[in-house]
Amino acid sequence: MTKLLFQKFFAVECGILGVFEVEGMKGKEFIALLPLEDETVLLYEYQENGDDVELSVIEDDDDFEKVSNTFYDLFDGEDEE
């Protein structure tokens, strides 16, 4: 469980579904978060800087589609097993 702080105005508690890499996007990691009070998965670029973690919005539509497709390939149907 983690708390996601949006620009110091409000926080959302989220479960971490996973951290993963995307083929063709070398050197980048992404994280999938699930807010406790919502069923919408949040996808961000994920970077560790020492003890700090930085999440960045995936601004490019093509990159977001690649990340989203990879997420669904990795995590879709996990609860069916």
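Residues numbered from 1 in each chain as written. Predicted model: local features only at pLDDT ≥ 70, side-chain atom pairs only at ≥ 80, totals over all residues. Heavy atoms only, no water.

### Some points on the overall build of the chain
Looking only at helices and strands, one finds 1 helix and 5 strands in the chain. Residues classed as buried in the chain amount to 28% of the 81 residues present. Carbon and sulfur atoms form 43% of the exposed surface of the chain, whose accessible area is close to 6400 Å². (Helix = DSSP H or I, 4+ residues; strand = E, 2+ residues; numbered from the N terminus. Buried < 20%, exposed > 50% of the residue type's maximum accessible area, 1.4 Å probe, protein only. Areas by Shrake-Rupley, 256 points an atom, 1.4 Å probe, with all protein chains shown as cover.)

### Things to note about the pairing of strand β4 (residues 42-49)
Inspection of the sheet shows strand β3 (residues 29-35) paired to β4 by 5 bridges, in the antiparallel sense. Counterpart to Ala32 in the pairing with β4 is Leu43. Connecting β3 to the next strand, β4, in antiparallel fashion are 6 residues. Both β4 and strand β5 (residues 52-56) contribute to a ladder of 5 bridges, which runs antiparallel. Bridge assignment links Gln47 to a residue of β5, and that residue is Glu54. As consecutive antiparallel partners, β4 and β5 are separated by 2 residues, and within that stretch Gly50 has a phi angle of approximately 65 degrees, a positive value. (Pairing = 2+ DSSP bridges.)

### Thoughts on the nonpolar core
If you look at the biggest cluster of nonpolar residues, it comprises 10 residues: Phe20, Val22, Met25, Phe30, Ala32, Leu43, Ile58, Val67, Phe71 and Phe75. Residue assignment for this core shows that the elements contributing at least two residues are β3 and α1 (61-75). Examining the composition of this core, we find that 3 residues originate from one element, α1, more than from any other. When near neighbours in sequence (up to four residues on either side) are disregarded, Phe30 contacts Gly18, Val19, Phe20, Val22, Met25, Tyr44, Glu45, Tyr46, Ile58 and Val67. Among the nonpolar cores identified, the runner-up in size contains 5 residues, and Cys14, Ile31, Leu33 and Tyr46 belong to it. (Core = buried A, V, L, I, M, F, W, Y, C linked by side-chain atoms within 4.5 Å. Contact = heavy atoms within 4.5 Å.)

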